[in-house]
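# Structural overview
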Amino acid sequence: DAGITQSPRHKVTETGTPVTLRCHQTENHRYMYWYRQDPGHGLRLIHYSYGVKDTDKGEVSDGYSVSRSKTEDFLLTLESATSSQTSVYFCAISRGEAAVEETQYFGPGTRLLVL
Amino acid sequence: GNSVTQMEGPVTLSEEAFLTINCTYTATGYPSLFWYVQYPGEGLQLLLKATKADDKGSNKGFEATYRKETTSFHLEKGSVQVSDSAVYFCALTPSNTGKLIFGQGTTLQVKP
């Protein structure tokens, strides 16, 4: 158990509204990631962070922004939700410090429905 | 570019049958390779990994060998159980990037 929680676990929202998902970790690891899971695509990286205020884009970052003001929290924001962002969102951490360790540990996921 | 291709599912087996889930990859450099498992309603858990050619990862009776010559990392288990029913994801990390690239997942259903 890597001490990762995600909130909310389920959310229904309407097209055009902003949505923020939270990932919280209890072990102060440096690297954190956001993925989305869709049928036929596996998981795809949205954004990642390698420290407080250090973030970068992943494969499918359009329409998403992130923030990391504290080591333990990594926020994912859908600036104006669209139906194509209906998905299951997973947060992950890896435990490396000086260099990124490759094994990632995943949270329980947030199921988002955009109507 | 980097990519992972898994066999299409679902795979349906009877208990105690032999399991193979095929995974092939395309990558530059020397990636690390992973199998993750997702049980219904849960997040992903690391099942096994291999970090260099000819390494064998193993866990819970599952095995996979990193084959650079065939760019493959097939998952095998000699005797599956109903409790192995889950979605299995093959993934790679390009050298020292920390970014996981996943295959599309293979659903395994094991019937008693």
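Residues numbered from 1 in each chain as written. Chains lettered and ligands numbered in written order. Predicted model: local features only at pLDDT ≥ 70, side-chain atom pairs only at ≥ 80, totals over all residues. Heavy atoms only, no water.

### Examining the overall build of chain A
Put simply, the rule reads: The helix count covers DSSP runs of H or I at least four residues long, the strand count covers runs of E at least two residues long, and both are numbered beginning at the N terminus. Computation of the radius of gyration draws on C-alpha atoms, with the globule rule given as 2.2 Å multiplied by the number of residues to the power 0.38. We call a residue buried when its accessible area falls under 20% of the maximum for its residue type, exposed when it is over 50%, and partly exposed in between, using a 1.4 Å probe and counting protein chains only. Contacts are assigned to residue pairs with any non-hydrogen atoms lying within 4.5 Å of each other. We get accessible surface area from the Shrake-Rupley algorithm with a probe of 1.4 Å; when it comes to residues, only the shown protein chains can shield them. Working convention for charge: Lys and Arg count positive, Asp and Glu count negative, and His plus the chain ends are omitted. To locate a charge, take atom NZ for lysine, CZ for arginine, CG for aspartate or CD for glutamate.
Helix and strand counts for chain A stand at zero helices and 11 strands. The C-alpha atoms of chain A give a radius of gyration of 13 Å, which matches the 13 Å a tight globule of 115 residues would have. Over its C-alpha atoms, taken along the principal directions, chain A stretches across nearly 40 × 30 × 25 Å. Residues classed as buried in chain A amount to 50% of the 115 residues present. Pairs at least 24 residues apart make up 56% of the contacts formed inside chain A by residues separated by at least 6 positions. Carbon and sulfur atoms make up 49% of the accessible area of chain A, which totals about 5,300 Å². Of the charged side chains in chain A, 12 are positive and 14 negative; the average position of the first set lies 4 Å away from that of the second.

### A look at the sheet that holds strand β9 (residues 75-77) of chain B
Paired through their backbone hydrogen bonds, the strands of a sheet run either parallel or antiparallel. All names here are of chain B. As a reminder of what qualifies: Any two strands with at least two DSSP bridges between them are considered paired. Helix axes are fitted to C-alpha atoms over the stretch in contact, other axes to C-alpha atoms as well, and angles between N-to-C directions run from 0 to 180 degrees.
One open sheet holds the four strands; their spatial order is β3-β9-β8-β7, and the pairing between them is antiparallel. Only two strands of the sheet have a single neighbouring strand rather than two, namely β3 (19-21) and β7 (56-59). If you compare each strand with its neighbour and ignore which way they point, the axes differ by 15° on average. Pairing geometry for β3 and β9, over three bridges, is antiparallel. Among the inter-strand pairings, Thr20 is bridged to a residue of β9, identified as Glu76.

### Description of the layout of surface pockets
Residue and element names in this part refer to chain A. Rule in force here: Think of a 1 Å grid over just the protein atoms. A cavity is a set of points where a 1.4 Å probe fits yet cannot get out, a pocket is an open set with protein on both sides within 12 Å along at least five of seven lines, and lining residues have an atom within 4 Å of a point. Grid points are joined across faces, edges and corners, and a volume is the space filled by probe spheres set on the points. Each residue gets one label: Ala, Val, Leu, Ile, Met, Phe, Trp, Tyr, Cys and Pro are nonpolar, Asp, Glu, Lys and Arg are charged, and the others, such as Gly, are polar.
By volume, the largest pocket is sized at about 440 Å³. For the lining of the largest pocket, the element with the highest residue contribution is strand β9 (residues 87-94), accounting for three residues. Of the residues that constitute the lining of the largest pocket, the class distribution is eight nonpolar, 14 polar and five charged.

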